[in-house]
Number of protein chains: 2
Amino acid sequence: MNIHQLMRELREPNTTKIVMLVADGLGGLPQESGGKTELETARTPNLDGCVREGVCGLSLPVLPGITPGSGPGHLGLFGYDPLEYRIGRGILEALGINFQVGSRDVATRGNFCTVDAKGLISDRRAGRPTTEVCVAMCKKLQEIQIPGMEIFVEPVREHRFVVVFRGDNLGDQVNDTDPQQVGALPLQAVGANDASQNTARAVNQFVAVAGRILKDDLPTNMVTLRGFARYPKIDTIQDVYGLKSACIAVYPMYKGLARLVGMDVLEAGTSLADQVVTLRKVWDRFDFFFMHFKYTDSTGEDGNFDGKVEMIEKLDTIIPQIRGLNPDVFIVTGDHSTPSRLKSHSWHPVPTVLCAKSCRPDQVVEFGEMYCLRGGLGQFEAKHLMPLAMAHAGRLAKYGA
Amino acid sequence: MNIHQLMRELREPNTTKIVMLVADGLGGLPQESGGKTELETARTPNLDGCVREGVCGLSLPVLPGITPGSGPGHLGLFGYDPLEYRIGRGILEALGINFQVGSRDVATRGNFCTVDAKGLISDRRAGRPTTEVCVAMCKKLQEIQIPGMEIFVEPVREHRFVVVFRGDNLGDQVNDTDPQQVGALPLQAVGANDASQNTARAVNQFVAVAGRILKDDLPTNMVTLRGFARYPKIDTIQDVYGLKSACIAVYPMYKGLARLVGMDVLEAGTSLADQVVTLRKVWDRFDFFFMHFKYTDSTGEDGNFDGKVEMIEKLDTIIPQIRGLNPDVFIVTGDHSTPSRLKSHSWHPVPTVLCAKSCRPDQVVEFGEMYCLRGGLGQFEAKHLMPLAMAHAGRLAKYGA
């Protein structure tokens with residue numbers, strides 16, 4: 001009996017509403033010994049109010065010590081065990097640009113790179129071209145044809161694009177062609193089984209032709225492909241929890257993740273204010289709202305402590321507008337920590353607060369890593385957050401007589 | 001390697017004694033924002049004493065967010081993963097009235113109900129008849145015969161009774177005949193496989209004949225059956241932990257649960273005082289004593305905050321008598337929370353204290369939900385309580401060289 005089976009069995013329809021606000025990379029670290037984290041430093045009167053009324057704790061995105069990427073981080077929050085549900089990078093990229101991946105497709109993430117006269121990679125990201133260049137180069141690659149197969153090349157941004165190979169009997173057990181270092185040749189693709197060999201042959205043809213087409217387009221004169229992946233079969237949030245769910249996110253990746261679990265991906269504009277407008281507009285149409293805020297992560301990745309503090313404070317200012325809609329359950333959490341001191345995702349547990357009428361009080365009065373340690377949710381695996389949300393929303397029946 | 005395998009491998013015989021006192025539905029919620037829970041409100045000098053000497057924490061009966069019924073709640077406390085061991089309602093009811101369910105039996109819970117002239121259910125509980133009426137009506141139903149099968153009809157109380165179908169090749173994948181609403185006809189039983197179809201045919205015959213027999217016995221003029229279940233094969237507490245175990249409970253359901261895991265179910269009278277007398281009397285004969293106190297749950301279900309406080313205080317007064325017997329490990333916990341504010345079982349973690357000489361102190365000095373948050377046991381799944389009891393009783397060897 002896994003948690004999804006349990007949810008299907010116990011879930012009960014009602015009209016309660018759940019809002020999950022994900023501040024990407026929310027958790028942090030103090031800049032120096034004895035200092036405070038970004039969240040502890042930020043002035044967050046509205047989040048502190050949530051903590052006072054609700055129950056808080058620390059979410060372990062995967063398991064102790066495991067640093068997740070965006071994919072596993074969000075799947076956990078959506079209640080999908082990130083060790084059970086593995087989503088390839090190619091699929092994530094394709095979903096993020098709204099490419100409708102189908103069952104005969106293998107998707108892969110492409111990078112424009114620079115190679116020297118000997119074909120050795122000198123810049124793995126081709127000096128980060130503009131997105132306009134990316135679009136133009138992709139257009140050139142769209143001419144590539146391989147018999148018995150459809151090929152789609154779609155720009156993402158800067159040096160990144162997506163290639164989808166569509167055909168019969170294509171496997172995704174194919175190695176990345178990116179050698180992950182400069183001074184090396186792009187790798188040949190090799191398939192780990194017959195179906196994946198079919199893919200690998202097409203990949204090698206594609207890369208060879210791309211190299212000829214881009215020959216004179218320095219610095220974007222070559223490509224590498226990685227994260228080959230087929231579309232996984234995933235039960236939707238509606239299937240599992242009986243929730244009509246909406247994604248209100250700005251960035252493609254998070255829209256893609258939400259689409260993967262069957263959320264309606266809404267037009268959400270480009271800012272928190274836009275997102276709140278969307279939330280208000282669709283409030284009556286959904287049970288579950290996933291709102292995503294990117295900039296707590298990107299400032300963390302930039303190593304910008306003060307910037308991250310500022311972004312947290314900015315997030316805090318929109319909390320009253322969300323709570324003004326009277327969600328029955330309001331959750332603020334992150335998909336992982338991104339301490340600006342580390343300039344990267346990390347394994348540290350993520351501060352989380354859940355606000356509902358049925359919360360048991362825990363005396364915590366401020367939102368922050370240290371305070372959450374004393375919270376009533378304790379330290380919990382992220383995959384348990386959705387059952388907690390369902391319980392506090394009155395949407396779960398009793399288990400067993 | 002599951003926990004039971006581990007216990008079998010590591011357990012060591014000795015003469016230590018473990019008492020587990022289960023205050024049903026112990027956990028609660030404050031009545032109003034800023035208030036205290038029932039347990040935090042109650043004056044509990046003796047339980048506080050246990051907390052000072054022992055180690056406390058919060059038990060998650062199943063998983064975060066999951067509200068258990070009595071069955072899963074107790075199985076967890078006895079160290080049986082409630083998601084792995086699922087016990088049907090029919091079996092629980094049969095065990096509760098001391099009916100010896102066998103391997104050829106399918107047990108089901110019966111309800112007397114009232115139907116109108118068209119056969120539509122007008123009262124699903126037949127106006128809650130007295131237990132005397134229940135006994136009399138069951139006597140009538142005991143006349144029902146179905147060829148090739150034995151049928152047992154036994155009263156429980158009020159509108160509730162048990163029917164056991166005994167025969168060859170009977171399955172328990174049969175739907176409830178209770179439509180769970182008034183104004184509807186009782187449902188026909190349908191089996192999900194051949195063996196269950198055998199059961200379903202007998203069930204439909206039984207219900208048809210019962211309807212004829214009870215025709216003139218308003219309001220108990222019809223029956224519904226639900227929770228069809230065969231007796232599960234469960235390793236006993238003796239098998240798993242090597243403990244000779246005794247159940248000292250007043251209510252049938254809990255006796256049934258104890259019998260299911262192989263405890264000796266003792267005559268325990270009708271009150272805490274009676275239960276303590278029994279405990280004293282059999283002290284030398286057992287290693288493990290499960291004592292059950294019902295009224296913390298029933299007052300919670302009634303929404304009676306003050307009543308629950310009073311019952312907790314009552315429970316507190318008998319603690320010295322139990323501890324006077326010098327158990328090596330003394331545990332007070334609950335099978336789930338029953339906040340009087342919710343008038344129902346809930347998912348909130350359950351305050352738990354374990355007292356033994358080998359406890360590591362945790363500086364908690366009072367028994368209550370908030371205090372237990374700071375306890376040395378942390379938040380733990382209920383199924384881990386028995387290994388903790390075994391360890392503190394010196395009954396577990398080292399794992400690995």
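This text follows the structure it describes.
Residues numbered from 1 in each chain as written. Chains lettered and ligands numbered in written order. Predicted model: local features only at pLDDT ≥ 70, side-chain atom pairs only at ≥ 80, totals over all residues. Heavy atoms only, no water.

## What to know about the interface of chain B and chain A
1) Next: Taken together, the contact pairs 32 residues of chain B with 29 residues of chain A.
2) Next: Summed over both sides, the interface of chain B with chain A buries roughly 2400 Å², with 61% coming from carbon and sulfur.
3) Next: It is L83, R86 and W347 of chain B in chain B that bury the most area against chain A; as a group they hold 22% of the surface buried on that side.
4) Next: Put simply, chain B and chain A have one salt bridge between them. (Contact = heavy atoms within 4.5 Å. Buried area = accessible area lost by both parts, 1.4 Å probe. Salt bridge = Lys/Arg side-chain N within 4 Å of Asp/Glu carboxyl O.)

## Comments concerning the relation of the copies chain B and chain A
Superposition of the two copies of the chain requires a rotation about an axis together with a shift along that axis.
1) Next: Placing chain B over chain A gives an RMSD of 0.3 Å and needs a rotation angle of 126°, together with 0.0 Å of translation along the axis. The relationship between the two copies is best expressed as a three-fold rotation axis. Considering only C-alpha atoms, the part of chain B nearest the rotation axis is R374 of chain B, at 4.1 Å.
2) Next: Taken together, the interface assignments show that only 3% of the residues at the interface of chain B recur at the interface of chain A, consistent with different surfaces on the two copies. (Least-squares fit on C-alpha atoms with pLDDT ≥ 70 in both.)

## Considerations on the sheet that holds strand β2 (residues 55-60) of chain A
Residues and elements named next belong to chain A.
1) Next: Taken in spatial order, the eight strands of this open sheet run β9-β8-β10-β1-β11-β12-β2-β13, and their pairing is mixed. Two strands close off the open sheet at either side, each with one partner strand: β9 (264-265) and β13 (378-381).
2) Next: Sheet analysis places β2 next to strand β12 (residues 350-355), joined by five bridges and oriented antiparallel. In the strand pairing of β12, V55 is matched with L354.
3) Next: This element, helix α4 (residues 70-77), spans β1 (18-23), β10 (288-293) and β11 (329-333) of the sheet and lies at about 155° to β1.
4) Next: This element, helix α12 (residues 305-323), spans β1, β10, β11 and β12 of the sheet and lies at about 170° to β1. (Pairing = 2+ DSSP bridges. Helix = DSSP H or I, 4+ residues; strand = E, 2+ residues; numbered from the N terminus. Axes fitted to C-alpha atoms, helices over the stretch in contact; angles between N-to-C directions.)

## What about the sheet that holds strand β12 (residues 350-355) of chain B?
Residue and element names in this part refer to chain B.
1) Next: Within the open sheet, the eight strands sit side by side as β9-β8-β10-β1-β11-β12-β2-β13. Their pairing is mixed. Of all strands in the sheet, those with a lone pairing partner are β9 (264-265) and β13 (378-381), marking the two edges.
2) Next: In terms of strand pairing, strand β11 (residues 329-333) meets β12 through three bridges, oriented antiparallel. What sits directly across from V332, in β12, is V353.
3) Next: The strands touched by helix α3 (residues 45-53) within the sheet are β2 (55-60), β11 and β12, with β12 carrying the most contacts at an inclination of about 65°.

## Focus: the side chain of H292 of chain A
1) Next: Along the polypeptide, H292 of chain A turns up in strand β10.
2) Next: Contacts of H292 of chain A, omitting those with residues within four sequence positions, involve V22, D24, H74, I248, A249, Y254 and Q275 of chain A.

## Some thoughts on helix α7 (residues 194-214) of chain A
All names here are of chain A.
1) Next: Over its 21 residues, α7 runs 30 Å from end to end, which matches the ideal 30 Å to within 8%, given 1.5 Å per residue.
2) Next: Considered for burial, the residues of α7 that qualify are A195, S196, T199, A200, A202, V203, F206, V207, A210, G211 and L214.
3) Next: Tucked into the core, α7 has its buried residues touching β3 (105-115), α6 (131-141), β5 (150-157), β6 (160-166) and β7 (222-229). (Expected span 1.5 Å × (residues − 1). Buried < 20%, exposed > 50% of the residue type's maximum accessible area, 1.4 Å probe, protein only.)

## Things to note about the environment of V276 of chain A
Residues and elements named next belong to chain A.
1) Next: Tracing the backbone through its elements, the reader meets V276 in helix α10 (residues 272-282).
2) Next: In this structure, the C-alpha to C-alpha distance between V276 and P351, residues 75 residues apart in sequence, is 22 Å.
3) Next: Ignoring sequence-local partners within four residues, the contact set of V276 consists of M291, I318, Q321 and I322.

## Side note on the environment of G368 of chain B
All names here are of chain B.
1) Next: Following the sequence through the fold, G368 ends up in the loop between β12 and α13 (369-372).
2) Next: The buried category is assigned to G368, whose relative accessible area is 0%.
3) Next: Put simply, G368 and G324 are 44 residues apart on the chain and 23 Å apart in space, counted from C-alpha to C-alpha.
4) Next: Once you skip the residues sitting within four places of it in the chain, G368 turns out to touch L39 and E40.

## Regarding the pairing of β2 of chain A
Residue and element names in this part refer to chain A.
1) Next: Of all six residues that make up β2, six are buried, and the element is covered over most of its length.
2) Next: Where β2 lies against β13, four bridges are found, and the strand directions are parallel. Paired with S59 across the strands is F380, a residue of β13.

## Overview of the packing of helix α5 (residues 89-96) of chain B against helix α9 (residues 252-260) of chain B
Residues and elements named next belong to chain B.
1) Next: Direction vectors running N to C along α5 and α9 enclose 105°, while the axes themselves pass 7 Å from each other. Here α5 lies roughly perpendicular to α9, going by the angle between them. Two secondary-structure elements touch here, α5 through R89, I91, L92, L95 and G96 and α9 through P252, M253, G256, L257, R259 and L260.
2) Next: Looking at the contact of α5 with α9 residue by residue, the class counts come to seven nonpolar, two polar and two charged. (Parallel < 35°, antiparallel > 145°, perpendicular 65-115°, else oblique. Nonpolar A, V, L, I, M, F, W, Y, C, P; charged D, E, K, R; others polar.)

## A look at the packing of aromatic side chains
1) Next: Applying the stated rule across the entire model yields 18 aromatic pairs over all chains.
2) Next: With a centroid separation of 5.3 Å and 65° between ring planes, the pair formed by F99 of chain A and F152 of chain A is classed as edge-to-face. Residue F99 of chain A is found in the loop between α5 (89-96) and β3, and its partner F152 of chain A is found in strand β5; the two are separated by 53 residues along the sequence.
3) Next: You can call F99 of chain A buried: its relative accessible area is 12%.
4) Next: Ring centres of F286 of chain B and F289 of chain B lie 6.2 Å apart, and the angle between their planes is 75°; this geometry places the pair in the edge-to-face category.
5) Next: A relative accessible area of 1% places F286 of chain B in the buried class.
6) Next: Take F289 of chain B: its relative accessible area is 0%, and that puts it in the buried class. (Phe/Tyr/Trp six-rings, centres within 6.5 Å; stacked < 30°, edge-to-face > 60°.)

## As for the nonpolar core
1) Next: Y80, M263, F290 and L354 of chain A together with I66 of chain B are the most contacted members of the largest nonpolar core, which totals 63 residues.
2) Next: Residue contributions to this core peak at six residues, all from helix α14 (residues 385-392) of chain A.
3) Next: Excluding its chain neighbours within four sequence positions, the residues that come into contact with M263 of chain A are F78, I237, S245, A246, C247, A258, F288 and F290 of chain A. (Core = buried A, V, L, I, M, F, W, Y, C linked by side-chain atoms within 4.5 Å.)

## A few points about the state of the cysteines
1) Next: Across all of its chains, the model carries zero disulfides over all chains by this definition.
2) Next: Unpaired in this structure, C134 of chain A has its nearest cysteine sulfur neighbour in C138 of chain A, at a distance of 4.2 Å. (Disulfide = S-S within 2.5 Å.)

## As for the pattern of salt bridges
All names here are of chain A.
1) Next: For the structure shown, the criterion picks out 33 salt bridges over all chains.
2) Next: Ionic pairing is found between R323 and E53, a salt bridge with its closest N-O pair at 2.8 Å. Placement of the pair is R323 in helix α12 and E53 in helix α3 (residues 45-53), with a sequence separation of 270 residues.
3) Next: Here D168 and R104 are joined by a salt bridge, their closest N and O atoms 2.9 Å apart. Residue D168 is located in the loop between β6 and α7, and its partner R104 is located in the loop between α5 and β3; the two are separated by 64 residues in the primary sequence.

## Quick word on unusual backbone geometry
1) Next: The omega torsion of the bond from L218 of chain A to P219 of chain A falls at 0°, within 30 degrees of zero and hence cis.
2) Next: Tracing the backbone shows P219 of chain A in the loop between α7 and β7.
3) Next: For N98 of chain A, which is not glycine, the phi torsion reads 70° and is therefore positive.
4) Next: On the secondary structure map, N98 of chain A appears in the loop between α5 and β3.
5) Next: Since its relative accessible area comes to 44%, N98 of chain A is described here as partly exposed.
6) Next: Although it is not a glycine, A126 of chain B sits at a positive phi angle of roughly 50°.
7) Next: When you line up the elements, A126 of chain B lands in the loop between β4 (121-123) and α6 (131-141).
8) Next: Overall, A126 of chain B belongs to the buried group, its relative accessible area being 1%.

## Let's talk about a nonpolar patch on the surface
1) Next: A contiguous nonpolar patch, built from L63, I66 and L83 of chain A and spanning about 250 Å² of accessible area, is present on the exposed surface.
2) Next: If you trace the backbone, I66 of chain A turns up in the loop between β2 and α4. (Patch = residues over 30% accessible without salt bridge, like charges linked within 9 Å, V, L, I, M, F, W, Y side chains within 5 Å. Areas by Shrake-Rupley, 256 points an atom, 1.4 Å probe, with all protein chains shown as cover.)

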